[in-house]
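Breakdown of the fold
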2 protein chains.
Amino acid sequence: MQNFVELLKAHGLKSTFQRVQILEAISICGHKDIDEIYNDVVKLHPTISLATVYKNLIIMKDNGVLCEVSVSGKKSKYEIKKEDHLHLICTHCGSIEDFTLEASFDKIVNLQDFELQKKEINLYGICTKCHSQKAS
Amino acid sequence: MQNFVELLKAHGLKSTFQRVQILEAISICGHKDIDEIYNDVVKLHPTISLATVYKNLIIMKDNGVLCEVSVSGKKSKYEIKKEDHLHLICTHCGSIEDFTLEASFDKIVNLQDFELQKKEINLYGICTKCHSQKAS
DNA sequence: TTCGTACCAAATAAAAATTATCTAAAGGAA
DNA sequence: TTCCTTTAGATAATTTTTATTTGGTACGAA
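About the cut-offs
- Residues numbered from 1 in each chain as written.
- Chains lettered and ligands numbered in written order.
- Predicted model: local features only at pLDDT ≥ 70, side-chain atom pairs only at ≥ 80, totals over all residues.
- Heavy atoms only, no water.
- 1 Å grid on protein atoms, 1.4 Å probe; cavity = no way out; pocket = protein on both sides within 12 Å on 5 of 7 lines; lining within 4 Å.
- Points joined across faces, edges and corners; volume = space filled by probe spheres on them.
- Helix = DSSP H or I, 4+ residues; strand = E, 2+ residues; numbered from the N terminus.
- Nonpolar A, V, L, I, M, F, W, Y, C, P; charged D, E, K, R; others polar.
- Salt bridge = Lys/Arg side-chain N within 4 Å of Asp/Glu carboxyl O.
- Buried < 20%, exposed > 50% of the residue type's maximum accessible area, 1.4 Å probe, protein only.
- Least-squares fit on C-alpha atoms with pLDDT ≥ 70 in both.
- Contact = heavy atoms within 4.5 Å.
- Pairing = 2+ DSSP bridges.

Of the volumes computed, that of the largest pocket is approximately 570 Å³. Along the walls of the largest pocket sit 30 residues, with A:Ser72, A:Lys118, B:Lys61, B:Glu68 and B:Tyr124 positioned nearest its centre. Looking at the lining of the largest pocket, the elements that each hand over two or more residues are strand S4 (86-90) and strand S6 (115-126) of chain A together with helix H4 (50-62) and strand S2 (66-69) of chain B. For the lining of the largest pocket, the element with the most residues is S6(A), which contributes five residues. Grouping the amino acids of the lining of the largest pocket by side-chain chemistry returns eight nonpolar, seven polar and 15 charged.

Here it is as structure tokens:
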């Protein structure tokens with residue numbers, strides 16, 4: 001359990017009951033999509049609006065508190081930002097497990113007790129073309 | 001330029017004008033989202049319905065003709081299925097470049113003339129729990 | 001304290017995206 | 001060609017996401 005009040009302030013965001021509840025909900029299992037988050041928070045705070053959850057997920061993502069995990073064919077999951085890591089995503093039950101390792105990719109794949117079906121590696125950044133345009 | 005008629009049949013799908021046009025549109029730049037595909041195809045075939053594009057993307061994905069590339073914060077892109085590879089996604093212009101390499105992850109990252117911001121590695125498969133349930 | 005400002009939540013409303021339904025037409029095999 | 005099955009197109013319905021409006025609350029300055 002982290003101190004989410006401080007986490008929010010450290011990123012320049014006001015700490016509100018709703019934001020802390022959203023972060024609490026995510027931290028329970030590490031990854032949740034918006035419906036799971038809303039369903040969790042609404043139990044503790046029945047008047048919360050789904051739009052509030054949308055807005056706060058976006059603002060917390062933009063300010064580096066959260067990361068969005070794009071999952072093929074499903075709604076994005078959100079996780080509290082931490083160092084880069086792998087996601088082992090089960091195509092059957094949808095569970096996501098984190099896996100931090102600095103080994104080579106082949107090593108990772110062979111080590112796992114996980115029936116691998118698909119590897120998805122996306123590197124986000126600024127491409128050469130955009131980089132040179134920014135400089136000029 | 002591939003023979004998309006044969007590709008479809010090889011995956012047990014009927015070859016229709018619309019499906020071939022969708023595949024042609026994707027193959028031009030390698031990755032397109034649904035709006036880009038629709039805008040391309042509608043020029044050649046003005047009566048095509050957006051729902052047709054949706055339906056065909058899903059069916060061609062389910063039958064292994066296409067892959068969905070989840071892009072954080074944007075609509076999924078679709079690509080014609082091939083061997084696993086990296087995606088270099090520019091957060092500025094949205095361009096996607098394929099990068100096939102069997103080197104270690106660190107090597108890949110350092111080699112690139114690409115200002116890396118975020119690594120997203122998702123491995124899809126069947127987790128241990130689901131695997132044992134299927135066996136029983 | 002009393003304003004004024006800024007930010008936020010909630011409640012709609014609105015817009016956008018996706019899926020379902022139904023009928024006519026096209027594809028593929030005999 | 002003929003038949004059967006699948007698909008496309010049109011439309012409606014649903015779902016998802018975003019925008020707008022209103023009211024509340026915290027904070028600082030006067």
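Don't stop here, the text continues.
Moving on: the pattern of salt bridges. Residues and elements named next belong to chain B. Under the criterion given, the structure shown has 12 salt bridges over all chains. Across the salt bridge formed by lysine 61 and glutamate 68, the nearest N and O atoms sit 2.6 Å from each other. A relative accessible area of 28% means that lysine 61 is categorised as partly exposed.

Rotating chain B by 180 degrees about the axis while translating it 0.0 Å along that axis superimposes it on chain A, leaving an RMSD of 0.1 Å. Those values place the two copies in the arrangement expected of a two-fold rotation axis. Taken together, the interface assignments show that 100% of the residues at the interface of chain B recur at the interface of chain A, consistent with an identical surface on both copies.

Turning next to the pairing of S4(A). The two faces of the sheet receive side chains in turn, since in a regular strand these alternate between them. Judged by how many residues are buried, S4(A) sits mostly within the fold: five of five residues are covered. Along S4(A), one buried face is formed by A:Leu86, A:Leu88 and A:Cys90 and the opposite face, lined by A:His87 and A:Ile89, is buried too. The pairing of S4(A) with strand S5 (residues 96-99) of chain A spans four bridges and is antiparallel. Paired with A:His87 across the bridge in S5(A) is A:Asp98. Between S4(A) and S5(A), which pair antiparallel and follow one another directly, the connecting turn spans five residues, one of which, A:Gly94, has a positive phi of 80 degrees. Sheet topology places S4(A) next to strand S6 (residues 115-126) of chain B; five bridges connect them, and they run parallel. By the bridge assignment, A:Cys90 is partnered in S6(B) with B:Gly125.

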